[in-house]
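A closer look at the structure
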Amino acid sequence: ERGMMKGVSPSEFRPEGTITRGMIVTMLYRLEGEPDVEDASHTEKKDDTKPSFTDIKADSYYAKAVAWAVENGGVKGKSDTVFDPNAPVTREQTAAILCRYAAYKGYDVDAKAELEKYDDADKISEYARDAFSWANANGLITGVTADTLVPSGSTTRAQTAAIFMRFCEKIAK
């Protein structure tokens, strides 16, 4: 409905396919209304504060989205020269990306859930702990089972669509 996701082809959505870094930043970029960006490829280093990614081609579907995400602090590269747009996104990375986007938009990111009820809560990376707690408190990302979060598990396209739908309904009203 909001145009954030498209199929992987004109006739296939591939719900069980893994979401990638390029896909998730494109979803955020579309949610933001596809604003203009300074350097769609980030292949030319303008100054020392902006990365120069050698793996982003200016004509790729995610180039403008990557540039926008980097310019606005939502998603960083894996290094100053590598974004890795085809790498899978984990559940904890999804939580962190959405929480940073919510903060960027000025939405309340103070809610926190007690994650200790999940057997694998201690497996959440330190950088993602508060974001995962926020996402869980808001019902965006729940357990895979009643007692597991699987924070390092890959996120499918269907799961990401559901997470973004709940984000739009509950956070970005």
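The notes below deal with the structure included here.

Scoring rules and cut-offs
- Residues numbered from 1 in each chain as written.
- Predicted model: local features only at pLDDT ≥ 70, side-chain atom pairs only at ≥ 80, totals over all residues.
- Heavy atoms only, no water.
- Helix = DSSP H or I, 4+ residues; strand = E, 2+ residues; numbered from the N terminus.
- Expected span 1.5 Å × (residues − 1).
- Contact = heavy atoms within 4.5 Å.
- Buried < 20%, exposed > 50% of the residue type's maximum accessible area, 1.4 Å probe, protein only.
- Axes fitted to C-alpha atoms, helices over the stretch in contact; angles between N-to-C directions.
- Parallel < 35°, antiparallel > 145°, perpendicular 65-115°, else oblique.
- Left-handed = near helix turned anticlockwise from the far one by under 90°.
- Nonpolar A, V, L, I, M, F, W, Y, C, P; charged D, E, K, R; others polar.
- Phe/Tyr/Trp six-rings, centres within 6.5 Å; stacked < 30°, edge-to-face > 60°.
- Lys NZ or Arg CZ within 6 Å of the ring centre and 35° of its normal.

In a regular helix each residue adds 1.5 Å, so 14 residues correspond to 20 Å; helix H5 (residues 157–170) covers 20 Å between its end C-alpha atoms and thus fits that length. In this structure, the buried side of H5 is in contact with helix H1 (21–31), helix H3 (91–105) and helix H4 (129–137).

Here we come to unusual backbone geometry. Here Arg14, not a glycine, exhibits a phi torsion of approximately 60°, which is positive. One can find Arg14 in the segment before H1. The backbone of Glu34 shows a phi angle near 55°, a positive value even though the residue is not glycine. Summarising the element assignment, Glu34 is placed in the loop between H1 and helix H2 (63–71). A relative accessible area of 46% places Glu34 in the partly exposed class.

Taking 1.5 Å of rise per residue, 15 residues should cover 21 Å, and H3 covers 21 Å from first to last C-alpha, within 8% of that figure. Regarding H3, the residues found buried are Arg91, Glu92, Thr94, Ala95, Ala96, Ile97, Leu98, Cys99, Tyr101 and Ala102. Looking at the buried positions of H3, the neighbouring elements they touch are H1, H2, H4 and H5. A positive phi of about 85° marks Gly106, the residue just after H3.

Contact pair H1 / H5: the axes reach a minimum separation of 12 Å and the direction vectors enclose 25°. By the angle class used here, H1 and H5 are roughly parallel. The hand of the H1/H5 crossing is right-handed. Contact residues: H1 offers Met23, Ile24, Met27, Leu28 and Leu31, while H5 offers Arg157, Thr160, Phe164, Phe167 and Cys168. For the contact of H1 with H5, the residue count by class is eight nonpolar, one polar and one charged.

To continue, consider the packing of aromatic side chains. The final tally for this structure, using the stated rule, is eight aromatic pairs. Seen in terms of ring centroids, Tyr61 and Tyr62 are 4.8 Å apart; in terms of plane orientation they differ by 80°. Their pairing is edge-to-face. Look at Tyr61 and you get partly exposed, because its relative accessible area is 48%. One aromatic cluster in this structure is built from Tyr29, Trp68, Tyr101, Tyr104, Tyr107 and Phe167. Across from the ring centre of Phe83, 4.2 Å away, lies the NZ or CZ of Arg21, which sits over that ring. A cation over an aromatic ring shows up here: Arg157 above the ring of Phe13, its NZ or CZ 4.4 Å from the ring centre.

To continue, consider the environment of Ala172. With respect to the element layout, Ala172 can be found in the segment after H5. Spatially, the C-alpha atom of Ala172 lies 9.7 Å from that of Leu31, the residues being 141 residues apart in sequence. In contact with Ala172, not counting residues within four places along its chain, are Arg2, Tyr107 and Phe167.

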